[in-house]
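This is what each chain is made of:
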Amino acid sequence: MFQTDKIKMRRKNITRNPHGGGNTRLLLVMLEYLCLIKGAVAAPQIPAMFAFGDSLIDDGNNNGLNSLAKSNYYPYGIDFYQGSTGRFCNGKTVVDALCDLLELPYIPAYTTAGLNGTSRLGGVNYASAGGGILDETGQHLGERYSLNQQVLNFESDLNSIRTVLGTERSYNQFLARSIAVMVFGSNDYINNYLLPSLYNSGYDYTPEQFANLLLNHYTRQILALNSVGLRKFLLAGVGPLGCIPSQRASGAARPDRCVDQVNEMVVFFNQGLRSLVEQLNSDHPGSIFIYGNTYAAVGDMLNNPANYGFSVLARGCCGIEQNYEWQFTCLLLSTPCPNRNQYVFWDAFHPTESVNLILAQKAYTGNQTDVYPINVQQLAQL
């Protein structure tokens, strides 16, 4: 089994239905109605959220790209109120769940038609499936926005936001109080380092050297975002990739076991990212950077599934075949499993909404094992 520190978690703030997100949506509608009849709706805790990352949080940016990495079709979004939007999940992503907790509207994809300065004031999602820290990551999948390009896309939107806000002071305060969520690293392993037939990185670098390469590139772009005014950052670590169904099916381990070698690679990156957070906080006292311990959080779900209501750990809820030999993204119009709340993984690469809700709650109210040095709720109050 996957080994990690045991994490205790209160789950009273997480609501799930037997299949996906229906009861969660109903609860949110009821709460909103109660607020309305009382004459007050809670204000967002922050002005905006800007999200950068990969398919774990992409909400539709790849829909119009010439890419193999797309999910704007059924059964993706089966439990999401808007249906198949391009989210690689049955329901909400971690960013969606954080928006709920921070009382923000769901942030639109960068490629959404008709976006202007006003519609960007709640934030924008720049994440792109297949994108990585390195520009070449995921190139075999076709078009995608790498970290570098996502930062450029964000910078291209700033003038429209500045125009709407009017004064330089309002603009600077808006960016300083907003939160940047960054979810990167997984693709640089899955769609680069672990594909020696397509990429040379596995031959050119040891796992530790590759992690350092990623962190050096990552740091430059984090500082680029900081230099244009963002001051609050949530940097999510990489989860235990050796435990995702696609890696279990690779033949490197028994299908009921995680691939330890892959998990060991990821640890180098996560340890470096946590150290980077400490260094950034020391070097930039006017900003705050926090590290989300995705690895330990998912590891605890895999080690103690009953604590979270999970019973299926090694298979995706949908795929070409729901077995160990064929584990990919969901086939168009395929029928997913009915008991989605019992699955850790939605497809061969991505978690279910149930997992995303737990990860968001840990990031929002967790202790320093979950999120370091402070949690997102505390970050929003600064």
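This structure is a prediction, so every number in the text was calculated from the model and none was measured. (Residues numbered from 1 in each chain as written. Predicted model: local features only at pLDDT ≥ 70, side-chain atom pairs only at ≥ 80, totals over all residues. Heavy atoms only, no water.)

Remarks on the packing of aromatic side chains
Reasoning step 1: Under the definition given, this model contains 21 aromatic pairs.
Reasoning step 2: Taken together, a centroid distance of 5.7 Å and an interplanar angle of 80° make the contact between Phe52 and Phe154 edge-to-face. Placement of Phe52 in strand β1 (residues 49–53) and of Phe154 in helix α3 (residues 147–165) is noted, with a sequence separation of 102 residues between them.
Reasoning step 3: Joined through ring pairs, the aromatic side chains of Phe50, Phe52, Tyr110, Tyr126, Tyr145, Phe154 and Phe174 make up one cluster.
Reasoning step 4: For the cation-ring pair, Arg162 lies above Tyr171, with the distance from its terminal atom to the ring centre recorded as 4.1 Å. (Phe/Tyr/Trp six-rings, centres within 6.5 Å; stacked < 30°, edge-to-face > 60°. Helix = DSSP H or I, 4+ residues; strand = E, 2+ residues; numbered from the N terminus. Lys NZ or Arg CZ within 6 Å of the ring centre and 35° of its normal.)

Digging into the confidence of the model for the protein chain
Reasoning step 1: Mean pLDDT over the protein chain: 89, with 86% of residues reaching 70 or higher.
Reasoning step 2: Scored below 50 in pLDDT, residues 26–40 shows 6 contacts in the model against residues more than four places distant or in partner chains.
Reasoning step 3: Counted against residues more than four places away or in other chains, residues 321–327, with its pLDDT under 50, gives 22 contacts. (pLDDT = per-residue confidence, 0-100. Contact = heavy atoms within 4.5 Å.)

Overview of the nonpolar core
Reasoning step 1: With 91 residues, the main nonpolar core has Phe50, Met182, Tyr218 and Phe269 as its most contacted residues.
Reasoning step 2: Considering each element in turn, this core owes the most residues, 9 residues, to helix α7 (residues 207–227).
Reasoning step 3: Ignoring any residue separated from it by four or fewer positions in sequence, one finds Tyr218 in contact with Ile133, Leu147, Met182, Val183, Phe184, Leu235, Phe269 and Leu273.
Reasoning step 4: One finds Tyr73, Val312, Cys330 and Cys337 within the second-largest nonpolar core, a separate group that totals 9 residues. (Core = buried A, V, L, I, M, F, W, Y, C linked by side-chain atoms within 4.5 Å. Buried < 20%, exposed > 50% of the residue type's maximum accessible area, 1.4 Å probe, protein only.)

Remarks on the side chain of Ser287
Reasoning step 1: Mapping Ser287 onto the fold places it in the loop between α9 (260–283) and β5 (288–292).
Reasoning step 2: Owing to a relative accessible area of 11%, Ser287 belongs among the buried residues under this scheme.
Reasoning step 3: Among the polar contacts listed, one links the side chain of Ser287 to the side chain of Asn226, at a separation of 2.9 Å.
Reasoning step 4: Beyond its immediate stretch of four places on either side in the chain, Ser287 contacts Asn226, Leu230, Arg231 and Asn281. (Polar contact = N/O pair within 3.5 Å; in protein donor to acceptor, adjacent residues only side chain to side chain.)

Details of the state of the cysteines
Reasoning step 1: The tally for this structure, following the rule as stated, stands at 3 disulfides.
Reasoning step 2: Each sulfur of the disulfide joining Cys243 and Cys258 lies 2.1 Å from the other. One quick way to see it: the torsion about the S-S bond of Cys243 and Cys258 is about 110°, and its sign makes the bridge right-handed. Of this pair, Cys243 sits in the loop between β4 (232–236) and α8 (245–248) while Cys258 is found in the loop between α8 and α9, placing the two residues 15 residues apart along the sequence. (Disulfide = S-S within 2.5 Å.)

A closer look at the environment of Glu264
Reasoning step 1: When you line up the elements, Glu264 lands in helix α9.
Reasoning step 2: Sequence separation between Glu264 and Leu241 is 23 residues, and the spatial gap between their C-alpha atoms is 9.5 Å.

Topic: the pattern of salt bridges
A side chain with one charge may pair with a side chain of the opposite charge, provided their charged atoms come close.
Reasoning step 1: Taken as a whole, this structure holds 8 salt bridges when the rule is applied.
Reasoning step 2: With its nearest N and O atoms 4.0 Å apart, the salt bridge here joins Asp59 to Arg87. You can see Asp59 sitting in the loop between β1 and α2 (94–102) and its partner Arg87 sitting in the loop between β1 and α2, a full 28 residues away along the chain. Arg87 carries the same exposure label as Asp59, and that label is buried. (Salt bridge = Lys/Arg side-chain N within 4 Å of Asp/Glu carboxyl O.)

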